[in-house]
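Close look at the chain arrangement
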Amino acid sequence: MRDEPLTIEAVPGSSENTTILRLRGPLTMGTLFPLQDGFRAQASAVVILDCYGVPYLDSAGLGSIMMLYASAERHGRRMMLAGVSERVMSLIRMTRVDTVLSIVGSVEEAE
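Notes on the structure in this doc start here.

Thresholds, definitions, all that
Residues numbered from 1 in each chain as written. Predicted model: local features only at pLDDT ≥ 70, side-chain atom pairs only at ≥ 80, totals over all residues. Heavy atoms only, no water. Pairing = 2+ DSSP bridges. Helix = DSSP H or I, 4+ residues; strand = E, 2+ residues; numbered from the N terminus. Axes fitted to C-alpha atoms, helices over the stretch in contact; angles between N-to-C directions. Core = buried A, V, L, I, M, F, W, Y, C linked by side-chain atoms within 4.5 Å. Buried < 20%, exposed > 50% of the residue type's maximum accessible area, 1.4 Å probe, protein only. Salt bridge = Lys/Arg side-chain N within 4 Å of Asp/Glu carboxyl O. Arc of directions from axis to C-beta. Contact = heavy atoms within 4.5 Å. Phe/Tyr/Trp six-rings, centres within 6.5 Å; stacked < 30°, edge-to-face > 60°. Lys NZ or Arg CZ within 6 Å of the ring centre and 35° of its normal.

If you walk across this open sheet you meet the 5 strands as 1-2-3-4-5, and the pairing is mixed. The two strands at the open ends of the sheet, each matched to only one other strand, are strand 1 (7-12) and strand 5 (102-104). Across the sheet, the mean angle from the axis of one strand to that of its neighbour is 25 degrees, orientation sign disregarded. With 6 bridges connecting them, strand 2 (residues 18-24) and strand 3 (residues 46-53) associate as parallel partners. Along strand 3, the bridge assignment pairs Arg24 with Gly53.

See below:
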């Protein structure tokens, strides 16, 4: 599972100036650079990371998400995570990152 690639699809959200990044595959040290590039390519005020297809997240992946969140905040943008699996959520809770990030159950809820 950890050797699988991470695919990212950028789709417009239903709200103006919102982009959804659909992530499919594990977010690890070996796959985080495409996410960083894909996020930076977005000019939307709101970016939703659709994590429904992310089965695994390691500490490097979590660090990358936090870096993207901090970057969004610095630039007056908003970033949310949606559809996070229980396995990924357990790491987020264990590291107490859930007290910082906006995490919702689904993309529809995020929009």
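Further notes follow.
Membership of the largest hydrophobic core comes to 26 residues, with the highest contact counts inside it found for Leu23, Leu27, Leu49, Leu57, Met79, Leu81 and Ile92. Counting residues per element, the ones that place at least two in this core are strand 2, helix 1 (32-40), strand 3, helix 2 (59-74), strand 4 (78-82) and helix 3 (86-94). Residues Ile20, Met80, Ala82 and Val104 belong to the second largest nonpolar core, which totals 8 residues.

Inspection of the secondary structure puts Tyr56 in the loop between strand 3 and helix 2. Residues Tyr56 and Met89, spaced 33 residues apart in sequence, show a C-alpha to C-alpha distance of 9.8 Å.

A word on the pattern of salt bridges. Counted under the stated rule, the structure contains 4 salt bridges. Note that Asp37 and Arg40 form a salt bridge whose closest N and O atoms lie 3.9 Å from each other. Highlighted residues: Asp37 and Arg40, both in helix 1, separated by 3 residues, approximately one helical turn. Arg40 carries the same exposure label as Asp37, and that label is exposed.

A few words now on helix 1. Those residues of helix 1 that sit buried are Leu32, Leu35, Gln36, Gly38 and Phe39. Looking down the long axis of helix 1, one finds its buried residues gathered within 165 degrees of arc, a one-sided arrangement. Relative to its buried face, helix 1 has exposed residues pointing more than 90 degrees away, namely Asp37 and Arg40. Lining the buried residues of helix 1 we find strand 1, strand 2, strand 3, helix 2 and strand 4.

Turning next to the packing of aromatic side chains. This structure, assessed with the given rule, holds 0 aromatic pairs. Lying across the ring of Phe39, Arg77 places its NZ or CZ 5.0 Å from the centre.

Moving on: helix 3. Those residues of helix 3 lying buried are Val88, Met89, Leu91 and Ile92. Across the axial projection of helix 3, the buried residues extend over an arc of 155 degrees, all falling on one side. In this structure, helix 3 carries Glu86 and Met94 as exposed residues pointing more than 90 degrees from its buried face. Buried-residue contacts for helix 3 involve helix 2, strand 4 and strand 5. Trailing helix 3 by a residue or two, Arg96 shows a phi angle of about 65 degrees, which is positive.

Taken by themselves, the reported measurements are silent on function.
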